[in-house]
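A closer look at the structure
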Amino acid sequence: MKILNKTKKLIAGVSTASVAAILSGCNNYQTQDIPPKPTNKECRDWEWDADDGVYECDDTNSHYFGHYYHGGRFFTSKSSLLKSSSYKSYKSSSSFKGGSTGFGSGKGFGG
């Protein structure tokens, strides 16, 4: 019985440490120097898109809903953002703040 109790305690300790490590990686983009939110008053809820390294309007009452913001410009779709020469340059630069992995990245478990 003593061995079983020690095994349970060991597993519980490992599980707790694993969960803590996973959770600390969920918001790793917050530790980066992300740019300030856009000051456009038409959208009241700009969310950081950790994969693409840009802001996206999440205000369902705004005509900017679903728009992306990068380099002082608004993009009506992800497609138009990805086609932008300024975004392509940013994405390939060392100042790119996107490409996170983990649960919040939309890439599934483990990135």
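Note that the structure is predicted; figures quoted are calculated from it, not measured. In every chain, residue numbers begin from 1 and rise along the written sequence. Where local features are concerned, this predicted model is filtered to residues with pLDDT of at least 70; where side-chain atom pairs are given and counted, the filter is 80 or more; whole-chain, interface and lining totals use all residues. Based on all heavy atoms of the structure, the side-chain values leave hydrogens and waters out of the count.

**Remarks on the state of the cysteines**
For the purposes of this analysis, a disulfide is any pair of cysteine sulfur atoms at a distance within 2.5 Å. Taken as a whole and judged by the stated rule, the model has 1 disulfide. The disulfide bridge from Cys43 ends at Cys57, spanning 2.1 Å between sulfur atoms. Across the S-S bond linking Cys43 and Cys57, the dihedral sits near 105 degrees, which makes this disulfide right-handed. Of this pair, Cys43 sits in the loop between helix H1 (2-26) and strand E1 (46-49) while Cys57 sits in strand E2 (residues 54-57); the two residues are 14 residues apart in sequence, bridging distant segments of the chain. With respect to class, Cys43 is no different from Cys57; both count as buried. For the purposes of this entry, the term helix denotes a DSSP run of H or I that reaches at least four residues, the term strand denotes a run of E that reaches at least two, and both are numbered from the N terminus. Each residue is assigned to one of three classes by its accessible area relative to the maximum for its type, calculated with a 1.4 Å probe on protein chains only: buried under 20%, partly exposed between the two thresholds, exposed over 50%.

**So, the pairing of E2**
Pairing between strands is defined by DSSP: at least two bridges between the two strands are required. The sheet contact formed by E1 and E2 spans 4 bridges and is antiparallel. The partner of Asp49 across the bridge, within E2, is Val54. With antiparallel pairing between neighbouring strands as the criterion, E1 and E2 make up a hairpin whose turn holds 4 residues, including Gly53 at a positive phi of roughly 70 degrees. Pairing geometry for E2 and strand E3 (residues 68-70), over 2 bridges, is antiparallel. In the strand pairing of E3, Glu56 is matched with Tyr68.

**Thoughts on the sheet that holds E1**
If you walk across this open sheet you meet the 4 strands as E1-E2-E3-E4, and the pairing is antiparallel. Two strands bound the open sheet, and with one partner strand each, they are E1 and strand E4 (73-75). Within this sheet the neighbouring strands show an average axis-to-axis angle of 35 degrees, counted without direction. Pairing between E3 and E4: 3 bridges, direction antiparallel. Within the sheet, the bridge partner assigned to His70 lies in E4 and is Arg73. Axis geometry follows a simple rule: fit a line to the C-alpha atoms, using only the stretch in contact for helices, then measure angles between N-to-C directions, giving values from 0 to 180 degrees.

**Describing the side chain of His70**
Following the sequence through the fold, His70 ends up in strand E3. For His70, a relative accessible area of 12% gives the class buried. Between two residues, a contact is recorded if the distance between any of their heavy atoms is within 4.5 Å. Those residues in contact with His70, other than ones at most four positions away along the chain, are Val54, Phe75, Leu81, Ser86, Tyr87 and Tyr90.

**Comments concerning the pattern of salt bridges**
Between Lys or Arg on one side and Asp or Glu on the other, a salt bridge is scored when a side-chain nitrogen of the former is within 4 Å of a carboxyl oxygen of the latter. Tallied over the entire structure, the rule returns 1 salt bridge. Of the charged contacts, one joins Asp52 and Lys78 as a salt bridge, the two residues approaching to 2.9 Å between their closest N and O atoms. Here Asp52 is found in the loop between E1 and E2, whereas its partner Lys78 is found in helix H2 (residues 78-83), with 26 residues between them in sequence. By relative accessible area, Asp52 is classed as buried at 6%. For Lys78, a relative accessible area of 35% translates into the label partly exposed.

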